[in-house]
Amino acid sequence: IRRRDPGVVASKQIASAFTGMASLRRMAGNYNEALAILDAGAREMGDNADIRYDRGVTYARMGKIDLARQNFLLAAKWDPTNGLAWRSLAKANLALGRLSEAAEAYKYAVKNRKVSVKDHLEMAELYVKLGRKSEARERYEYVIRNAKNRALLSKAREGLESIDRM
């Protein structure tokens, strides 16, 4: 049995404390306070993927999608296994019209198993826009196999039929 490094465990606990406090402020609509808490966390323990991810979430809620994207990108680079950071980066890229970058980020989100069936539908639609029919087909078929929601299932079937007509 390998023991965890106490410094790493303590660092994660401190990061969780800062991100938790920031989340409470963000839920109350106090975005600037949330950012100030995250800044204090970065000063206290060094900038890291958790802090950057939470900064991205805060900026996204503020409607500052480009700043959110920048923070999600750093979070994903600093912790490549953070599927939520990749998923959030994909969504920010989509909102900014950066379709190829969104597709790339979604690929890493899928690899780290942090996407929903609805995300697979969004990915299929994105792949259609990019002209990547075989990847779109794979995503539509995934939705058809896994959707519990009739609306998602219907949309996936329509999307698959539209690919067949192309």
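A few points on the structure.

A short note on the packing of aromatic side chains
What the rule picks out here adds up to two aromatic pairs. Each ring, one from Tyr-53 and one from Phe-72, has its centre 5.6 Å from the other, and the planes form 45 degrees; the classification is tilted. Here Tyr-53 is found in helix 3 (residues 49–61), whereas its partner Phe-72 is found in helix 4 (residues 65–78), with 19 residues between them in sequence. Overall, Phe-72 belongs to the buried group, its relative accessible area being 4%. Here the aromatic rings of Trp-86 and Tyr-108 are separated by 4.5 Å at their centres, their planes lie at 25 degrees, and the arrangement is stacked. Here the residue Trp-86 occupies a position in helix 5 (residues 83–95), and Tyr-108 occupies one in helix 6 (residues 99–111), the gap between them amounting to 22 residues. Residue classification places Trp-86 among the buried positions, given a relative accessible area of 11%. Accessibility expressed as a relative area gives 29% for Tyr-108, which makes it partly exposed.

Side note on the pattern of salt bridges
Inspection of every chain in the model, using the stated rule, returns 14 salt bridges. Across the pair Arg-98 and Glu-101 runs a salt bridge whose closest N-O atoms are separated by 3.6 Å. Taking the relative accessible area as the measure of exposure, Arg-98 reaches 31% and is therefore partly exposed. It is possible to trace a salt-bridge network through shared partners that takes in Arg-87, Lys-91, Asp-119 and Glu-122.

Observations regarding unusual backbone geometry
Backbone geometry at Arg-113 places phi at a positive 55 degrees, although glycine is not the residue there. Within the fold, Arg-113 resides in the loop between helix 6 and helix 7 (117–129). Classification of Arg-113 by relative accessible area gives exposed; the value is 73%.

Thresholds applied
Residues numbered from 1 in each chain as written. Predicted model: local features only at pLDDT ≥ 70, side-chain atom pairs only at ≥ 80, totals over all residues. Heavy atoms only, no water. Phe/Tyr/Trp six-rings, centres within 6.5 Å; stacked < 30°, edge-to-face > 60°. Helix = DSSP H or I, 4+ residues; strand = E, 2+ residues; numbered from the N terminus. Buried < 20%, exposed > 50% of the residue type's maximum accessible area, 1.4 Å probe, protein only. Salt bridge = Lys/Arg side-chain N within 4 Å of Asp/Glu carboxyl O.

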